[in-house]
Amino acid sequence: MPQVAEKLQPWITALEARRDGGPRWLEDLRARGAERFATLGFPTTRDEEWRFTSVAPIAATEFVPAPERRLTESALEGYLYSEAAHRVVVVNGRFSPELSRTGGLPAGVRIGSLGSAIAEQADEVARYFGRLATFNTRAFVALNTAFAHDGACVFVPPGVVVDEPVQLLFVSDAGGDGPVVAHPRVLVVASERTQIRIAETYVGVPGQVYLTNAVSEIFLGEHAVLDHYKVQEESVQAFHIGSLDAHLSRSSTFSSHSFALGARIVRNDANAILDGEGAECTLNGLYLADGDRLVDNHTMIDHAKAHCPSHEVYKGILGGRARAVFNGKIVVRQDAQKTNAKQTNRALLLSDNASINTKPQLEIFADDVKCTHGAAIGQIDEDALFYLRARGLTFFEARDLLIHAFAGEILDRVQIEPLRHALEQELYAQLARDLAEADAA
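These numbers come from a predicted model, not from an experiment.

On to the overall build of the protein. Within the protein one finds nine helices and 21 strands. Against the 2.2 N^0.38 benchmark of 22 Å for 441 residues, the protein shows a C-alpha radius of gyration of 21 Å, consistent with a compact globule. For the protein, the spread of C-alpha atoms along the principal axes amounts to about 70 × 55 × 50 Å. Within the protein, the proportion of its 441 residues that are buried is 56%. Summarising the internal contacts of the protein: among those between residues at least 6 apart in sequence, 83% fall at separations of at least 24. Counting 43 positive and 58 negative side-chain charges, the protein places the centres of these two groups 3 Å from one another.

Below, the structure is given as structure tokens:
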């Protein structure tokens, strides 16, 4: 216990020094988050939900709150999909008005600073903020809530279709301040009969050490359609902890596609509750890791009402001594008859030292359902290699073609064309570097 207290003390001190202000409900929520984090502490491998992922490197690093930093437009040029027409930029956890593009949207649509929304539409924000991202057992969500002060928000009024995608771009820049930590927050409210596409992107300065601890809450009204993408391209020396919680109402459609291309330790939690008949949910993911990196994906789809389909495909490509974790849970409640749920996890290991722990789960309390899950882990199919080489391809050409086809199943589902092209280029560039190093070894 003394060692645990010693690890937590710098974080507790930072919490006690926080002076964010804000409405009373938010101050109360922050206080509860701080109290809960102090009780829970950092998760350890003794916790079932973290048994394969050690966050000891995070607990041992002396992070300081990320300072306010102003960037120029040129600083964003190297990042994925920074050319979006509608863009909310958050630097070190703080909204950047000079880099954001929030005009030209349909009447009533609001995108911008979550901190400003809290100040100017406190009653409206209070109806949603913290309702999904509970922190009774989630230490990092509790920590984010305790420090919550700014981030990005999207409000779409009833019946509005947003044709152009909206990008939420989160940039981390430690500068010369040493290891820093930011706790960005995202709140998306898509009212009934709305349609919108959102790309939530996390990037950082290469080579820097920092922690991004992000929480996103997404609410869909009846018959709303939301196409969501999360792209994580942090520094490979950084840490990324992300939690996404979505609430689906009657006949709404939510799809979220996760791409993890960076960071030393990555933990992504994605949770969706299908709380209205006819709601449909898709959770897909693609991740790439090499060296000693670790990527952990935990998903949960909660079928609370009847006649709700869900689809889930997660794929990973691992080289070097990289490790991955996939834990996917599907819950079908007693009243959720006629549920149709399918979950698939596949991993491609490019080296003998790469590994993955996978745990698909079904918890079914209804009797009239159709649920399937499966996992497949292995190296490149030797028969497929032989087939391609027999048709004139070299070993390296055949191998690259099979790897690209493996990743293409997820990439092809990206409906934002510039984002898909950017992801393809970045993913294949990383693969080329990893394969070249493996061939040279």
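Next, the rest of the story.
With that out of the way, let us pick up the environment of A190. On the secondary structure map, A190 appears in strand 8 (residues 185-190). In this structure A190 comes out as buried when scored by relative accessible area, which is 1%. Along the backbone, A190 and Y387 are 197 residues apart, and their C-alpha atoms lie at a distance of 48 Å.

Direction vectors running N to C along helix 7 (residues 382-389) and helix 8 (residues 395-411) enclose 125°, while the axes themselves pass 9 Å from each other. Taken together, helix 7 and helix 8 sit at an angle that is classed as oblique. Considering the relative orientation of helix 7 and helix 8, their crossing is right-handed. Taking contact as the criterion, the partners of A384, L385, L388 and R389 in helix 7 are, on helix 8, F395, A398, R399, L401 and L402. A class-by-class count of the residues in the contact of helix 7 with helix 8 yields seven nonpolar, no polar and two charged.

What follows deals with the sheet that holds strand 6 (residues 166-172). Taken in spatial order, the ten strands line up as 3-2-6-9-11-13-15-17-19-21 in an open sheet, and their pairing is mixed. At either end of the open sheet lies a strand with only one pairing partner, and these are strand 3 (94-95) and strand 21 (369-378). Inspection of the sheet shows strand 17 (residues 309-318) paired to strand 19 (residues 339-349) by ten bridges, in the parallel sense. Paired with I317 across the strands is L348, a residue of strand 19.

Reading the values: rules and limits
Residues numbered from 1 in each chain as written. Predicted model: local features only at pLDDT ≥ 70, side-chain atom pairs only at ≥ 80, totals over all residues. Heavy atoms only, no water. Helix = DSSP H or I, 4+ residues; strand = E, 2+ residues; numbered from the N terminus. Rg over C-alpha atoms; globule rule 2.2 N^0.38 Å. Buried < 20%, exposed > 50% of the residue type's maximum accessible area, 1.4 Å probe, protein only. Contact = heavy atoms within 4.5 Å. Lys, Arg positive; Asp, Glu negative; His and termini not counted. Charge placed at Lys NZ, Arg CZ, Asp CG, Glu CD. Axes fitted to C-alpha atoms, helices over the stretch in contact; angles between N-to-C directions. Parallel < 35°, antiparallel > 145°, perpendicular 65-115°, else oblique. Left-handed = near helix turned anticlockwise from the far one by under 90°. Nonpolar A, V, L, I, M, F, W, Y, C, P; charged D, E, K, R; others polar. Pairing = 2+ DSSP bridges.

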